[in-house]
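# Structural characterization, general
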Amino acid sequence: MISANKEYTLITGACGGLGGAFCRELSLRGESLFLTGRSEERLNALKSELPEDTLCYPCDLSDGESRRRFFEEVDRAKISFRRLVYVAGVDIQKGFERYTEEGIVLQARVNFEGAVSFTRAFLSRLDTKVRGEILYVGSVSGIYPMPYFALYSATKKALEQFSSALRVELRRRVNVTCVLPGAIPTREDIKANISTQGLWGKLAVKSPQAVAKASLKAVSRNKRKVIIGFWNKLMRAFTAMLPLSWKMKFIAKKWSKTEKDAFLQEK
Ligand SMILES: NC(=O)c1ccc[n+]([C@@H]2O[C@H](COP(=O)([O-])OP(=O)(O)OC[C@H]3O[C@@H](n4cnc5c(N)ncnc54)[C@H](OP(=O)(O)O)[C@@H]3O)[C@@H](O)[C@H]2O)c1
């Protein structure tokens with residue numbers, strides 16, 4: 001890895017569907033990028049498509065030792081940051097009793113512990129000459145407790161609450177935003193899931209590029225939290241007055257029909 005005297009945007013989950021869209025959108029805007037993900041090979045392949053000043057280094061966000069090594073490497077290269085875009089997330093979806101211990105640990109750590117840990121490390125390497133930005137990718141699945149997606153929903157809610165509190169603590173020097181997208185057709189299993197939802201799925205869906213653009217706009221305007229997409233905003237407003245027990249019954253019926261578990265199979 002080369003050393004450089006620029007302010008970088010640090011992107012986690014860079015090799016994923018949404019992460020890639022953030023990388024392309026930010027590089028079009030002339031931002032210098034520091035990418036991370038689990039696989040060095042995939043990071044290098046992505047880096048080769050992006051401007052020459054792009055840097056990358058692997059990190060397993062579920063592993064404290066890997067996170068420590070990552071920031072050691074950042075310091076060795078004398079990098080300072082201006083923006084953190086925490087995109088990484090694990091969206092295992094199944095009845096809770098069918099979870100493995102490994103699945104619980106992975107999802108809780110990547111979706112929440114990794115975000116909190118990266119935030120602290122990022123802040124101590126933030127260029128003090130510029131106003132910083134932190135963008136967390138939450139989910140509409142964090143708005144209500146979601147049976148059959150319970151852990152994911154809880155981690156995304158925790159991330160949103162952490163983000164809201166942090167933005168008050170950091171208000172003088174950093175914009176902190178949590179965005180809540182609905183369905184994004186990134187992986188094949190997600191696309192299949194969306195197609196089982198018929199018209200509802202079609203209305204709720206937004207392309208990775210559209211989500212990246214709307215998210216970057218939200219953090220540059222220093223919004224606390226933004227639901228991405230007109231349909232998702234409408235659904236939130238429409239359901240706000242309904243009793244939570246009704247909403248959860250509806251969610252349980254809909255979500256008990258599908259399962260997702262891409263991350264453990266991949267390893
Ligand atoms: N797609 C949707 O419908 C949707 C909807 C709402 C919110 N979101 C959120 O959007 C974000 C991106 O999702 P996506 O749809 O782009 O899915 P994706 O393509 O599967 O991307 C997930 C990313 O998380 C990273 N990741 C997973 N485990 C990791 C670990 N242990 N250490 C480091 N990185 C890890 C993966 O990195 P590597 O594979 O490169 O290691 C991957 O780049 C997630 O936070 C997700 O919850 C997605």
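In what follows, the structure referred to is the one given above.
Now for a look at the structure at hand. Counting of residues starts from 1 at the beginning of each chain's written sequence and follows it residue by residue. In keeping with the model being predicted, local features are shown solely for residues with a pLDDT of at least 70 and side-chain atom pairs are shown and tallied solely at 80 or more, while totals for entire chains, interfaces and linings include all residues.

## Re the overall build of the protein
Scanning the protein from N- to C-terminus turns up 11 helices and seven strands. Only the C-alpha atoms count toward the radius of gyration. The rule for a globule is 2.2 Å times the residue count to the power 0.38. Taking 2.2 N^0.38 as the reference for a compact globule, 267 residues should give roughly 18 Å; the C-alpha atoms of the protein span a radius of gyration of 18 Å, in line with that estimate. Overall size of the protein, expressed as C-alpha extent along the three principal axes, is 55 × 40 × 30 Å. Across the 267 residues in the protein, those meeting the buried criterion constitute 39%. In the protein, of all internal contacts separated by at least 6 residues, the share reaching a separation of at least 24 is 69%. Each helix is a run of H or I in the DSSP string that is no shorter than four residues. Each strand is a run of E no shorter than two, and both are numbered from the N terminus. Between the buried cut of 20 or more and the exposed cut of 12 or fewer other C-beta atoms within 10 Å of a residue's own C-beta lies the partly exposed class, and all C-beta atoms are placed from the backbone. Here the contact rule is simple: place C-beta atoms from the backbone, and any two residues whose C-beta atoms are within 7 Å are in contact.

## Some points on the site of the ligand
The local shell around the ligand holds 28 residues, among which Gly13, Gly16, Gly37, Arg38 and Gly89 are the closest. Sort the elements by how many residues they give to the shell around the ligand and helix H1 (residues 17–28) lands first, with three residues. In this classification, the charged set is Asp, Glu, Lys and Arg, the nonpolar set is Ala, Val, Leu, Ile, Met, Phe, Trp, Tyr, Cys and Pro, and all remaining amino acids, among them Gly, are polar. A breakdown of the residues in the shell around the ligand according to their chemical character gives 13 nonpolar, 10 polar and five charged. A residue counts as near a molecule or strand when its C-beta atom, positioned from the backbone, falls within 6 Å of it.

## Description of helix H4 (residues 101–123)
With 23 residues, H4 extends 31 Å from end C-alpha to end C-alpha; this agrees with the ideal 33 Å at 1.5 Å per step. Working definition for bend: take the seven residues up to and ending at a residue and the seven starting at it, fit an axis to each, and measure the angle between the axes. Roughly 45 degrees is the biggest bend found in H4, and it falls at Arg109. For H4, the full list of buried residues reads Gln107, Arg109, Val110, Asn111, Gly114, Ala115 and Phe118. Against the buried residues of H4 lie strand S1 (7–12), helix H3 (64–76), strand S4 (80–86), strand S5 (132–137) and helix H5 (150–169). A helix is expected to span 1.5 Å multiplied by its residue count minus one.

## Observations regarding the sheet that holds S4
When DSSP finds two or more bridges between a pair of strands, those strands are recorded as paired. Here seven strands make up an open sheet; going across it, the order is S3-S2-S1-S4-S5-S6-S7 and the pairing parallel. Pairing within the sheet leaves two strands with one partner each, and these edge strands are strand S3 (55–56) and strand S7 (225–227). Note that S5 and strand S6 (residues 174–180) share six bridges and pair parallel. Of the residues in S6, the one forming a bridge with Leu135 is Thr177.

## Observations regarding the packing of H1 against helix H8 (residues 208–220)
Contact geometry for H1 and H8: axes closest at 8 Å, N-to-C directions at 60 degrees. With respect to H8, the axis of H1 lies oblique. Crossing of H1 against H8: the hand is right-handed. In contact with Gly17, Leu18, Ala21, Phe22 and Glu25 of H1, H8 contributes Pro208, Gln209, Val211, Ala212, Lys213 and Leu216. Considered class by class, the residues forming the contact of H1 with H8 number seven nonpolar, two polar and two charged. Throughout, an axis means a line fitted to C-alpha atoms (over the contacting stretch in the case of helices), and angles, computed between N-to-C directions, take values from 0 to 180 degrees. An angle below 35 degrees is read as roughly parallel, one above 145 as roughly antiparallel, one from 65 to 115 as roughly perpendicular, and any other as oblique. Helix crossings fall into two classes, left-handed where the near helix is turned counterclockwise from the far one by less than a right angle and right-handed where it is turned clockwise.

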